[in-house]
Amino acid sequence: MVGSLQDRDAARRLVAAPAEQERWQNRRLVDSMTETESYSIRTYGDQIADVYDRYYGDCNPAAIGALKALAGAGPALELGIGTGRVALPLAAAGVHVSGIDASEAMVRQLRAKPGGAAIPVAMGDFAEVGVDGPFTLIYVVFNTFFNLLTQADQVRCFQNVAKRLAADGLFILEAFVPDLYRFRGGQDVRVIAQSEAEVRIDVSQIDTVNQLVTATHVTLSGQGARLCPVKLRYAWPAELDLMALLGGLRLKERWGSWDRSPFTASSGSHISLYGAK
Ligand SMILES: C[S@@+](CC[C@H](N)C(=O)[O-])C[C@H]1O[C@@H](n2cnc3c(N)ncnc32)[C@H](O)[C@@H]1O
């Protein structure tokens, strides 16, 4: 069997035009990334926890202002609370915030920060939203919703959020707008940061059939190479809105940024506000 697959590959190499060869080789790379490696809902957080705040620690004050205004009297729930990058300043602004996360390593970072011990966190899969409500605000930011790797899990998350929202509660989802143009031949490599001491590169491959991006954050420094894997199932805003409807929620507003500027065709990301139908 292995021999016959190799024969088939060899035959393809012989007959394929260069562009098709490149596509085929990229296809094989994507298959090997998605089918053979073990990756669970804890992997991303566990691998990145100790450097997460150094890489992404800044939180946009406009995000805190908007979430506080939307939470009203609260309480609020963050899906994928992580190191508390957003939850801690929101709690400091007077909102009663709790969270869900799958990674104990991420939550340990939260616990170690001032105020972190006081935030209630449920350990588990946020697709289940396994905590009591009702919440005036449930939010998932920084593309974290796309950490749910199948459409079924994403729909389930909308359904469970709907069950735990107060009657006039809101579900806020911040995510990028997928940009397939950045993937040439099914892959993308980009420099994230560069200094004399350290280089950070993101290496990504895309599986457009399953809307799956398999990426590795690579850090190169005098200490050697460090790899943090991440997988995302991306979705365009229209699919998110349809999944929300299936879950019993309706799009109320969509912003292009936390300052509530309008979402337009050139927006690279969106903040979507869903509420009861
Ligand atoms: C990109 S980080 C975002 C953390 C935080 N929300 C922020 O904005 O800084 C994603 C977080 O979601 C958690 N996570 C990913 N998939 C999850 C899942 N299915 N259930 C629970 N937590 C999950 C990870 O452990 C990580 O802490």
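Here the structure is shown first, and the text comes after it.
None of these values were measured; they are calculated from a predicted model. (Residues numbered from 1 in each chain as written. Predicted model: local features only at pLDDT ≥ 70, side-chain atom pairs only at ≥ 80, totals over all residues.)

**Observations concerning the sheet that holds strand β7 (residues 198–207)**
Inference 1: Strands sit in the order β6-β7-β8-β9 across an open sheet of four strands; the sheet is antiparallel. Edge positions in the sheet fall to β6 (187–194) and β9 (224–233), since each has one partner strand and no second. On average, adjacent strands in this sheet sit at an angle of 20° to one another, irrespective of strand direction.
Inference 2: Here 10 bridges tie β7 to strand β8 (residues 212–221), and the two strands are oriented antiparallel to one another. When the bridges of β8 are listed, Asp 207 appears paired with Leu 212. (Pairing = 2+ DSSP bridges. Helix = DSSP H or I, 4+ residues; strand = E, 2+ residues; numbered from the N terminus. Axes fitted to C-alpha atoms, helices over the stretch in contact; angles between N-to-C directions.)

**Details of the site of the ligand**
Inference 1: In the vicinity of the ligand lie 21 residues, with Gly 45, Gly 80, Gly 82, Arg 85 and Ser 103 positioned nearest.
Inference 2: The set of elements that each furnish at least two residues to the shell around the ligand consists of α3 (43–56) and β2 (97–101).
Inference 3: Of the residues that constitute the shell around the ligand, the class distribution is 12 nonpolar, six polar and three charged. (Near = placed C-beta within 6 Å. Nonpolar A, V, L, I, M, F, W, Y, C, P; charged D, E, K, R; others polar.)

**What about the packing of α3 against helix α6 (residues 104–111)?**
Inference 1: Running from amino to carboxyl end, α3 crosses α6 at an angle of 25°, the nearest separation of the two axes being 7 Å. Looking at the two axes, α3 sits roughly parallel to α6. Side by side, α3 and α6 meet where Gly 45, Asp 46, Ala 49, Tyr 52 and Asp 53 of the first sit next to Ala 105, Met 106 and Gln 109 of the second.
Inference 2: Grouping the amino acids of the contact of α3 with α6 by side-chain chemistry returns four nonpolar, two polar and two charged. (Parallel < 35°, antiparallel > 145°, perpendicular 65-115°, else oblique. Contact = placed C-beta atoms within 7 Å.)

**Details of the pairing of β8**
Inference 1: Counted between consecutive antiparallel strands, the loop separating β7 from β8 contains four residues, among which Gln 211 sits at a positive phi close to 55°.
Inference 2: One ladder, built from 10 bridges, connects β8 with β9; its direction is antiparallel. In the sheet register, Val 213 faces β9, and the bridge partner there is Leu 232.
Inference 3: What sits between β8 and β9 in their antiparallel hairpin is a turn of two residues.

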